[in-house]
Amino acid sequence: MKKTTTLIILLAAAVMFGCQKPRAIVVIPEPVEITPKSGQFTIDSRTTLCFGNLGAEASETSKIIRELYEQYFGMRPNLGDAESAKKRSILFSVSEKEIKGIGSEGYVLRVRPNRIVAEANTAAGLFYAMQTLMQMAGTDKLADSKSFAVPCAVITDYPRFGYRGAHLDVSRHFFDTAFVKKYIDMLAFYKINKFHWHLTDDHGWRVQTDQYPELTRVGAWRPERTSWDTLHPVRPDEPMTYGGFYTKEQIRDIVHYAAVRGIDVVPEMDFPGHSLAEIRCYPWLSCHGDGIEPLCLGNDRVLDFCKKVFDEVFDLFPYEYVEIGGDEVIRERWSGCELCQERIRKEGLADVAQLQAWFTREMEKHFNAQGRKMVGWDEILDGGVSPTATVNWWRSDPVTFKKAAVNGNEIIMCPTTHCYFDYAQDDQTMRHLYEDNLIPETLTPDERKLIKGMQANIWCEFIPTESRMQTMVFPRAIALAEKTWTPMEAHDFEDFVARLKDQLGRLDIMGVDYRPLDAGLTVGFNTIMFH
Ligand code: ACM
Ligand code: ZN
């Protein structure tokens, strides 16, 4: 037989018997354990999507998995229950008996030629099983295909850290709810589970606050400028037309949208610095009532303002962690303020750093009384802080890291050196983020247990558009996702980059802009390092 004839016969046989070489399993974050099996499952119009026991959130879980299926595969599945989960079916089920070793976010996914079974201890685990399944399906014909091949395997998977976060500053530039949802979708696709929402800053107040309506009527707006200096000084003749805010209804909708995607929202109201938006509305919030930040901590009315704002925030955001900010406060202003000096004397404080720490502790008492836990940028450590607050370690100083750990504070790593996604990128940025160990050697094993996880910070002074935002965030957020999900021992940058190439096709299909892998050095205003 001629060689070509043999090849044609072999190919025909392969197609007839469904034994074409399965695609490699390409998933990010890399699952903990993959055991490849022979064959593949085909998702097509004959596939039945089945739901067994789904626990307390049954209708939400089945709804989101069905929605993802329809969006990603572009077809409506046939629906069934555990009994009908036989041939050509995909069954999602919370296990009757606890599956050991996978915790509350892990899952076990078994792909066989006739049947896929995803099991987990919780709905969140099933959601992640679905994300993995979507990534396992080929992308080649995603947009218009009628069928998708999923290579057979058994996957057991669970995260390295419980806190895998991404932050977004919507104060410097405003991003609408549709975009915030898209951002949440992208985080969820890579199993990021915390969204730190920076909702107030000098440039705009973004939350409807019933007790202080000026905050959104006035504080949500600034001049529409394209220059880098978007705020100062505002000329009297300039219209305040740029901005926006989220209504309570919109916020509740986003919080729910995130929750069904496994994401907790950590809202940040940044006090007592970065406070010009509120001071512009209510000058009495400042020392001497002169409209200059920070908030006056000698004035009881100011503390009352902060507590009342947080009460409205607690009502909107159910996740127990809420962020007070506390970064980059111009504390020297308090030295020249009688009320602040009086507070320092009365409370027996040594200096203005301790005044901020006193404020933070007062606010923490209020948080705790409402059943909430406080998070703050690492300046909240400066004048002494309670050990029950959680610290965003951002100034990259290992001494501060150690100080937090010795004090017993939980720590979220987000140093400027690696996790500031508004900073310029070069060819090594992602490698450093992926490979560098950020945990100081000086930490004891017990202190290491205080590390909750990591997050990326995206400050938007120089990020005016959705497209630019995505390009700063992707694909490096995918490296952060793998770093925080996959066990350290399995981190392999070259292998990650090879898998990342496959992901870029997915980002294209999902309409996400990203920085090309060969873009070289990015220069521009995003290299300026202040907020
Ligand atoms: C910060 O970057 N100012 C926390
Ligand atoms: Zn004052």
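Residues numbered from 1 in each chain as written. Chains lettered and ligands numbered in written order. Predicted model: local features only at pLDDT ≥ 70, side-chain atom pairs only at ≥ 80, totals over all residues. Heavy atoms only, no water.

### Thoughts on the overall build of the chain
Which entries qualify depends on this criterion: A run of H or I in DSSP becomes a helix once it reaches four residues, and a run of E becomes a strand once it reaches two; helices and strands are each numbered from the N terminus. The globule rule is 2.2 Å times the number of residues to the power 0.38, and the radius of gyration it is compared with is taken over C-alpha atoms. Note on definitions: a residue-residue contact is assigned when non-hydrogen atoms from the two residues lie within 4.5 Å. Only the protein chains shown count as cover for residues, and all accessible areas are computed by the Shrake-Rupley method using a 1.4 Å probe.
Secondary structure summary: the chain contains 18 helices and 19 strands in total. The C-alpha radius of gyration of the chain comes to 25 Å, within 12% of the 24 Å expected for a compact globule of 531 residues. For the chain, the spread of C-alpha atoms along the principal axes amounts to about 100 × 50 × 45 Å. Taking the contacts inside the chain whose residues are at least 6 apart along the sequence as the reference set, 73% of them involve residues at least 24 apart. On the chain, roughly 22000 Å² of surface is accessible, and the fraction owed to carbon and sulfur atoms is 54%.

### Things to note about the sheet that holds strand β2 (residues 48–51)
Test applied: By this definition, two strands are paired if DSSP reports at least two bridges between them. To obtain an axis, a line is fitted to C-alpha atoms, over the contacting stretch when the element is a helix, and the angle between two such axes runs from 0 to 180 degrees between their N-to-C directions.
Taking strand neighbours across the sheet as the criterion, the 7 strands line up as β1-β7-β5-β6-β4-β2-β3 in an open arrangement whose pairing is mixed. The sheet is open, and its two edges are formed by β1 (33–43) and β3 (78–81), each paired on a single side. Adjacent strand axes in the sheet meet at a mean angle of 20°, parallel and antiparallel pairs treated alike. In the packing of helix α2 (residues 58–73) onto the sheet, contacts are made with β1, β2, β3, β4 (89–94) and β7 (148–157), and the angle to β2 comes to roughly 160°.

### As for the coordination of the zinc ion (ligand 2)
By definition of the ideal shapes, four donors in a tetrahedron about a metal sit 109.5 degrees apart, and six donors in an octahedron sit 90 or 180 degrees apart. Stated formally: A donor here means an N, O or S atom no more than 2.8 Å from the metal, or no more than 3.2 Å when the metal is Na, K or Ca. Since water is not included, a site may seem to lack partners. Only two sets of limits are used to name each site, 85 to 135 degrees for every angle of a tetrahedral four-donor site, and over 155 degrees for opposite donors with all other angles from 65 to 115 for a square planar four-donor or octahedral six-donor site, with any other site named irregular. Remark: exposure states derive from per-residue accessible area (1.4 Å probe, protein chains only) relative to the maximum for the residue type, with buried under 20%, exposed over 50%, and partly exposed in between.
The protein atoms that coordinate the zinc ion (ligand 2) are Cys 287 (SG), Cys 296 (SG), Cys 337 (SG) and Cys 340 (SG), at distances of 2.2 to 2.3 Å. Geometry at the zinc ion (ligand 2) is tetrahedral, judged from the 4 donor atoms that bind it and their angles of 104 to 113° at the metal. For the zinc ion (ligand 2), the single-chain donor residues occur in sequence as C-x8-C-x40-C-x2-C. Grouping residues by exposure puts Cys 337 and Cys 340 together as buried.

### Overview of the confidence of the model for the chain
So the rule is basically this: For every residue, the predictor assigns a confidence score, pLDDT, that lies between 0 and 100.
The predicted model of the chain has a mean per-residue pLDDT of 91, with 91% of residues at 70 or higher. Counted against residues more than four places away or in other chains, residues 1–21, with its pLDDT under 50, gives 5 contacts. Contacts from residues 523–531, a stretch scored under 50 in pLDDT, to residues over four places away or in other chains number 22 contacts.

### Focus on the packing of aromatic side chains
Counted only if it meets this: Between rings of Phe, Tyr and Trp, where Trp is taken as its six-membered ring, a pair exists when centres lie within 6.5 Å; planes separated by under 30 degrees are stacked, by over 60 edge-to-face, and by other angles tilted. We count a charge as sitting over a ring when the NZ of a lysine or the CZ of an arginine lies within 6 Å of the ring centre and within 35 degrees of the ring normal.
Applying the stated criterion to the full structure yields 35 aromatic pairs. Their ring planes at 35° and their centres at 6.1 Å tell us that Tyr 72 and Phe 189 sit as a pair that is tilted. Taken together, the residues span a long stretch of sequence, with Tyr 72 in helix α2 and Phe 189 in helix α4 (residues 177–189) at a distance of 117 residues. Here Tyr 72 matches Phe 189 in class, with each residue buried. The side chain of Lys 191 reaches across the aromatic face of Trp 485, ending 5.6 Å from its centre.

### Overview of helix α18 (residues 493–509)
Cut-off, in case you're wondering: Expected helix span is taken as 1.5 Å per residue step, with the number of steps being one fewer than the number of residues. Any pair of nitrogen or oxygen atoms within 3.5 Å is treated as a polar contact; in protein, a donor-acceptor pairing is required on top of that, and neighbouring residues in sequence qualify only through side-chain atoms on both sides.
Over its 17 residues, α18 runs 24 Å from end to end, which matches the ideal 24 Å to within 8%, given 1.5 Å per residue. Within α18 the residues assigned to the buried category are Phe 493, Phe 496, Val 497, Arg 499, Leu 500, Gln 503, Leu 504, Arg 506 and Leu 507. On its buried face, α18 sits against α2, α3 (123–136), α4, α14 (429–435) and α17 (476–485). The N-capping residue of α18, defined by a side-chain oxygen 3.2 Å from the backbone nitrogen of Glu 494, is Asp 492. With its phi angle positive at about 70°, Gly 511 sits one or two positions after the end of α18.

### Observations regarding the nonpolar core
Note that soluble globular proteins tend to have their nonpolar side chains buried in a common cluster. This is how it is decided: By convention a nonpolar core is built from buried Ala, Val, Leu, Ile, Met, Phe, Trp, Tyr and Cys residues, the set being connected through side-chain atoms within 4.5 Å.
Counting residues in each nonpolar core, the largest one holds 155 residues, and the members touching the most others are Phe 92, Trp 197 and Phe 271. Excluding its chain neighbours within four sequence positions, the residues that come into contact with Trp 197 are Leu 168, Val 170, Val 180, Tyr 246, Ile 251, Ile 254, Val 265, Val 266, Pro 267, Glu 268 and Phe 317. Residues Tyr 319, Tyr 321, Val 375 and Ile 412 belong to the second largest nonpolar core, which totals 6 residues.

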